[in-house]
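One-letter residues, chain by chain:
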Amino acid sequence: MPTPIYRPPSLVRYPKLYGSFLRYCFVRELGYRFNFIMRAVTGVGWLLLLVFYFDLIFGKTKNIGDWNREEYYFLMGTWFVLYGLVECLFLENCTRFSELVRTGNLDTLLTKPIDAQFLASLERIDWAELPSVCFGAGLTIYATWWGNLPITPMRAIGFVVLVLCGVAILYSFMITLASISVWVVRTQSLHELWFYIVQFGRYPSEIYGSGGLGVGIRFLLLYLIPVMLAINVPARFAVKAIEPVMVAYMVFAAVALLSLSRWFFYRALHRYRSASS
């Protein structure tokens, strides 16, 4: 098999190359305008339905856990932004990786003079998901304004940094799942399982209660597969009392998981048997 070579990133080369990816994928989307518009409208429509659904719930209660209506909408907006970015930037690449392995086209990717993980996980951008990101950002702004939430400039900057840490956490798990395809080849069922796990993580941790099962789910999604951490901590940092321990843990988790996922990715490539072998 072609030997994957680690190439240190360039301050100029890689951003320029990623800019080319962005332009190419945007032009490709415009080649099928109706499909692009329908996917964008469908995505935003689904998010609107979720907002209306929880609006009905808040018609019957004032709080979900310790989140009032506007705070919960801020949490929802954070989730829409976070998962929208992941789907826009990484999902297509990670699901496509198993197909590259199965067909042997991964050989071609490994021979290119570019970092293999960069190319495998960032080559495709799904522009149809960008409206969902904008909708989520708009929902957080609306919740802040309508609920008069106490968001200071420091909290706003910290919120953005923690959202980026959340994206890093979710990306780390996705690229790890993609890497497993070197051994399993078809990982569709794993990606479906990942989707359902993430759905559990988008709710406030308080709703899982103090029972044995609830405590187990909360521990799993906060510490072992920290998708709840990636979603809850940024929103809680912005609109509730700041929890320094959880913030520090989230930053640590993002750095650690990025490092581990990169090690695992290259470990998988070294186990890869090319189509010509």
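Everything below is about the structure printed above this text.
Residues numbered from 1 in each chain as written. Predicted model: local features only at pLDDT ≥ 70, side-chain atom pairs only at ≥ 80, totals over all residues. Heavy atoms only, no water.

### Side note on the packing of helix α2 (residues 33-58) against helix α3 (residues 69-103)
The description of two helices packed together rests on the angle between their axes and the distance between the axes.
Here is step 1 of the chain: Interhelical geometry of α2 versus α3 gives an angle of 160° and a closest axis separation of 11 Å. Taken as axis vectors, α2 and α3 run roughly antiparallel relative to one another. Like other packed secondary-structure pairs, α2 and α3 cross with a definite hand, here right-handed. Judged by residue contacts, Leu47, Leu50, Val51, Phe54, Asp55 and Phe58 of α2 engage Arg69, Tyr72, Tyr73, Met76 and Phe80 from α3.
Here is step 2 of the chain: A class-by-class count of the residues in the contact of α2 with α3 yields nine nonpolar, no polar and two charged. (Axes fitted to C-alpha atoms, helices over the stretch in contact; angles between N-to-C directions. Helix = DSSP H or I, 4+ residues; strand = E, 2+ residues; numbered from the N terminus. Parallel < 35°, antiparallel > 145°, perpendicular 65-115°, else oblique. Left-handed = near helix turned anticlockwise from the far one by under 90°. Contact = heavy atoms within 4.5 Å. Nonpolar A, V, L, I, M, F, W, Y, C, P; charged D, E, K, R; others polar.)

### Description of empty space enclosed by the protein
Here is step 1 of the chain: One pass over the structure, following the stated rule, counts two cavities of 30 Å³ or more.
Here is step 2 of the chain: Here the largest cavity is characterised by a volume of approximately 60 Å³.
Here is step 3 of the chain: Together, Phe54, Tyr72, Leu75, Met76, Trp79, Phe80, Arg202 and Tyr203 line the largest cavity.
Here is step 4 of the chain: The element that contributes the greatest number of residues to the lining of the largest cavity is α3, accounting for five residues.
Here is step 5 of the chain: A class-by-class count of the residues in the lining of the largest cavity yields seven nonpolar, no polar and one charged. (1 Å grid on protein atoms, 1.4 Å probe; cavity = no way out; pocket = protein on both sides within 12 Å on 5 of 7 lines; lining within 4 Å. Points joined across faces, edges and corners; volume = space filled by probe spheres on them.)

### Notes on the pattern of salt bridges
Here is step 1 of the chain: Per the counting criterion, the structure on display carries 11 salt bridges.
Here is step 2 of the chain: Glu92 is the partner of Arg28 in a salt bridge, and the nearest nitrogen-oxygen pair spans 3.8 Å. Of this pair, Arg28 sits in helix α1 (residues 13-30) while Glu92 is found in helix α3, placing the two residues 64 residues apart along the sequence.
Here is step 3 of the chain: A salt bridge links Arg236 to Glu206, with the nearest nitrogen and oxygen atoms 2.2 Å apart. With Arg236 in helix α11 (residues 227-239) and Glu206 in the loop between α9 (188-201) and α10 (212-224), this residue pair connects regions lying 30 residues apart in the sequence.
Here is step 4 of the chain: For Arg236, a relative accessible area of 12% puts it in the buried group.
Here is step 5 of the chain: Within the structure, one salt-bridge network assembled from shared partners comprises Arg28, Glu92 and Arg124. (Salt bridge = Lys/Arg side-chain N within 4 Å of Asp/Glu carboxyl O. Buried < 20%, exposed > 50% of the residue type's maximum accessible area, 1.4 Å probe, protein only.)

### So, the nonpolar core
Here is step 1 of the chain: Met76, Phe97, Leu106 and Ile169 are the most contacted members of the largest nonpolar core, which totals 88 residues.
Here is step 2 of the chain: The biggest single contributor to this core is α3, with 17 residues.
Here is step 3 of the chain: When residues no more than four places from it in sequence are discounted, the contact partners of Ile169 are Pro226, Leu229, Ala230, Met250, Ala253, Ala254 and Leu257. (Core = buried A, V, L, I, M, F, W, Y, C linked by side-chain atoms within 4.5 Å.)

### What about helix α12 (residues 244-271)?
In an α-helix, one turn spans 3.6 residues, which is why side chains three or four residues apart end up on the same side.
Here is step 1 of the chain: Over its 28 residues, α12 runs 40 Å from end to end, which matches the ideal 40 Å to within 8%, given 1.5 Å per residue.
Here is step 2 of the chain: Looking at α12, one finds that the buried residues are Met246, Val247, Met250, Ala253, Ala254, Leu257, Ser261, Phe265, Tyr266, Ala268 and Leu269. (Expected span 1.5 Å × (residues − 1).)

### Looking at the packing of aromatic side chains
Here is step 1 of the chain: Inspection of the entire model under this criterion finds 21 aromatic pairs.
Here is step 2 of the chain: When the centroid spacing of 4.8 Å and the interplanar angle of 85° are considered together, the rings of Tyr14 and Phe118 count as edge-to-face. Remark: Phe118 occurs in helix α5 (residues 116-122) and Tyr14 occurs in helix α1; sequence separation between them is 104 residues. The burial state of Tyr14 is the same as that of Phe118; both residues are buried. (Phe/Tyr/Trp six-rings, centres within 6.5 Å; stacked < 30°, edge-to-face > 60°.)

Any functional reading would require information beyond the geometric quantities listed.
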